[in-house]
Amino acid sequence: MRGGFILLNSRNFPLVFLIFFGGLFLSGCMNKQSPAEEMFNKLEEVVQIEKTFEAQQTPLIELEKKEKEIYQSIIELNMQEYDEVVRLADEAITITEKRKEHINKERESMNESKAAFETIPDIVDEIDEVELKEKATNLYNLMQDRYKIHEELYNAYSDGLENDIQLYNLFKDKELELDQLGEQINKVNAAYEKVIDLNNKFNEVTEEYNQKKLEFYEAAGIEINNKE
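Just so it is clear, the model here is predicted, and its values are computed rather than measured.

> I'd like a rundown of the overall build of the protein, residues and numbers included.
For the protein, the count of helices and strands is 7 helices and 2 strands. Relative to its full complement of 228 residues, the protein shows a buried share of 45%. Within the protein, contacts between residues at least 6 apart in sequence are counted, and of these 87% link residues at least 24 apart. Accessible area for the protein stands at about 12000 Å²; split by element, carbon and sulfur atoms hold 46% of it.

Quick look at the structure:
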């Protein structure tokens with residue numbers, strides 16, 4: 001490969017997930033909980049479980065930003081500065097591996113959330129009021145959609161990470177051809193375009209779920225307060 005690297009497309013890392021609103025607690029105490037109150041406790045338990053998911057967002061965004069800066073630095077160099085290219089590529093690979101650690105922790109949190117949520121149908125069965133049962137069922141179905149989309153999002157993001165590593169290894173190849181580089185950059189861009197699409201869907205479903213959850217609480221006559 002002669003001369004400098006060619007930037008075919010600017011890469012963006014759009015991993016900004018909408019998370020649950022949380023920190024709600026039930027006003028008042030009763031000796032025996034109604035099914036609606038049991039469901040409230042379970043839904044808020046899931047919120048707490050996903051705190052680990054939430055905690056991954058800021059470090060992920062920071063790592064994505066740093067890696068993008070390194071990528072920009074690499075493509076501004078040429079093969080006469082090969083040692084620096086290799087150093088930066090290795091640094092970017094290290095960052096990519098750290099991103100992988102965070103996304104795996106995020107997935108673990110979602111899997112724990114999903115496991116806790118699987119008890120919801122048993123609670124829904126105990127609800128006698130037809131309209132309230134329907135709202136609870138819709139909540140469950142929405143959450144299942146959310147879990148499914150996140151699984152797809154995790155897979156797409158993981159594909160993007162693997163393509164990133166392959167790209168940085170290509171940068172270290174002294175015999176690298178521009179066509180080969182361009183093909184790999186296109187793979188990276190395609191992977192993150194899919195991430196963007198799934199990320200948007202995930203956020204939309206999360207927002208809808210949060211709204212429907214409040215509507216369920218209101219319909220159930222559950223008074224809630226925000227924990228500060």
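> Give me the side chain of Ser113: which residues, what numbers.
Tracing the backbone shows Ser113 in helix H4 (residues 82-117). Among residues more than four places away in sequence, those in contact with Ser113 are Val46, Ile49, Glu50, Met143 and Tyr147.

> If you had to explain the packing of aromatic side chains to someone new, which residues and values would you point to?
Following the criterion strictly, the structure yields 9 aromatic pairs and no others. Note on Phe117 and Tyr140: the rings are 5.8 Å apart at their centroids and 10° apart in plane angle, and the pair reads as stacked. Remark: Tyr140 occurs in helix H6 (residues 130-171) and Phe117 occurs in helix H4; sequence separation between them is 23 residues. By relative accessible area, which is 17% here, Tyr140 ends up buried. Put simply, the rings of Phe117, Tyr140, Tyr147 and Tyr209 pair up and form one aromatic cluster. Sitting over the face of the ring of Tyr82, Lys174 holds its NZ or CZ atom 4.7 Å from the ring centroid.

> How would you explain the pattern of salt bridges if you had to name every residue and give the values?
Pairing is possible between side chains of opposite charge, provided their charged atoms come close. The full count for this structure, using the stated rule, is 14 salt bridges. Two residues, Glu91 and Arg87, come together in a salt bridge whose shortest N-O distance is 3.5 Å. Placement of both Glu91 and Arg87 in helix H4 is noted, with a separation of 4 residues, approximately one turn of the helix. For Lys172, the salt bridge is made with Asp90, and the minimal N-O distance between the two is 2.7 Å. Placement of Lys172 in the loop between H6 and helix H7 (178-219) and of Asp90 in helix H4 is noted, with a sequence separation of 82 residues between them.

> Talk me through the packing of helix H1 (residues 35-49) against H4; I want residue IDs and the actual numbers.
Two numbers describe how H1 lies on H4: the axes approach to 9 Å, and their chain directions differ by 170°. The angle between H1 and H4 places the two elements in the roughly antiparallel class. Counting all contacts with H1, which are made through Lys42, Leu43, Glu45, Val46 and Ile49, the residues of H4 involved are Ser109, Glu112, Ser113, Ala116 and Phe117. Its residues placed into classes, the contact of H1 with H4 shows 5 nonpolar, 2 polar and 3 charged.

> Can you tell me about helix H3 (residues 57-75), naming the residues and giving the values?
Helical periodicity: at 3.6 residues per turn, an α-helix aligns residues three or four positions apart in one direction. Its 19 residues give H3 an end-to-end C-alpha distance of 27 Å, which sits within 8% of 27 Å, the value for a rise of 1.5 Å per residue. Every buried residue belonging to H3 is among Gln57, Leu60, Leu63, Glu64, Glu67, Ile70, Tyr71, Ile74 and Ile75, and all of these are buried. Along the axis of H3, the buried residues cluster in a sector spanning 150°; they form a single face. In this structure, H3 carries Glu62 and Lys65 as exposed residues pointing more than 90 degrees from its buried face. Residues of H3 that are buried make contact with helix H2 (51-55), H4, H6 and H7.

> An account of the environment of Glu162 is requested, with residue identities and associated values reported.
As for its position among the elements, Glu162 is in helix H6. Through-space distance from the C-alpha of Glu162 to that of Thr96 is 8.6 Å; in sequence the pair is 66 residues apart.

> Kindly report on the environment of Tyr140, identifying the contributing residues and their values.
Taking the C-alpha atoms as reference points, Tyr140 and Lys213, 73 residues apart in sequence, are found 9.9 Å from one another. Excluding residues within four positions of it along the chain, Tyr140 makes contact with Phe117, Glu118, Ile120 and Pro121. Engagement of the side chain of Tyr140 in a polar contact is seen with the side chain of Glu118, the distance being 3.4 Å.

> A description of the environment of Asp125 should follow, citing residues and the corresponding values.
Here Asp125 lies in helix H5 (residues 120-125). Expressed as a C-alpha distance, the spacing of Asp125 and Ala136, which sit 11 residues apart in the sequence, is 9.7 Å.

> So what's going on with the packing of H1 against H6? Residues and values would help.
Following both chains from N to C, one finds H1 and H6 inclined at 15°, their axes separated by 12 Å at the closest point. Classified by the angle between their axes, H1 and H6 sit roughly parallel to one another. In the packing of H1 onto H6, the handedness of the crossing is left-handed. Side by side, H1 and H6 meet where Ala36, Met39, Leu43 and Val46 of the first sit next to Leu132, Ala136, Leu139, Met143 and Tyr147 of the second.

Calculation notes
Residues numbered from 1 in each chain as written. Predicted model: local features only at pLDDT ≥ 70, side-chain atom pairs only at ≥ 80, totals over all residues. Heavy atoms only, no water. Helix = DSSP H or I, 4+ residues; strand = E, 2+ residues; numbered from the N terminus. Buried < 20%, exposed > 50% of the residue type's maximum accessible area, 1.4 Å probe, protein only. Contact = heavy atoms within 4.5 Å. Areas by Shrake-Rupley, 256 points an atom, 1.4 Å probe, with all protein chains shown as cover. Phe/Tyr/Trp six-rings, centres within 6.5 Å; stacked < 30°, edge-to-face > 60°. Lys NZ or Arg CZ within 6 Å of the ring centre and 35° of its normal. Salt bridge = Lys/Arg side-chain N within 4 Å of Asp/Glu carboxyl O. Axes fitted to C-alpha atoms, helices over the stretch in contact; angles between N-to-C directions. Parallel < 35°, antiparallel > 145°, perpendicular 65-115°, else oblique. Nonpolar A, V, L, I, M, F, W, Y, C, P; charged D, E, K, R; others polar. Expected span 1.5 Å × (residues − 1). Arc of directions from axis to C-beta. Polar contact = N/O pair within 3.5 Å; in protein donor to acceptor, adjacent residues only side chain to side chain. Left-handed = near helix turned anticlockwise from the far one by under 90°.

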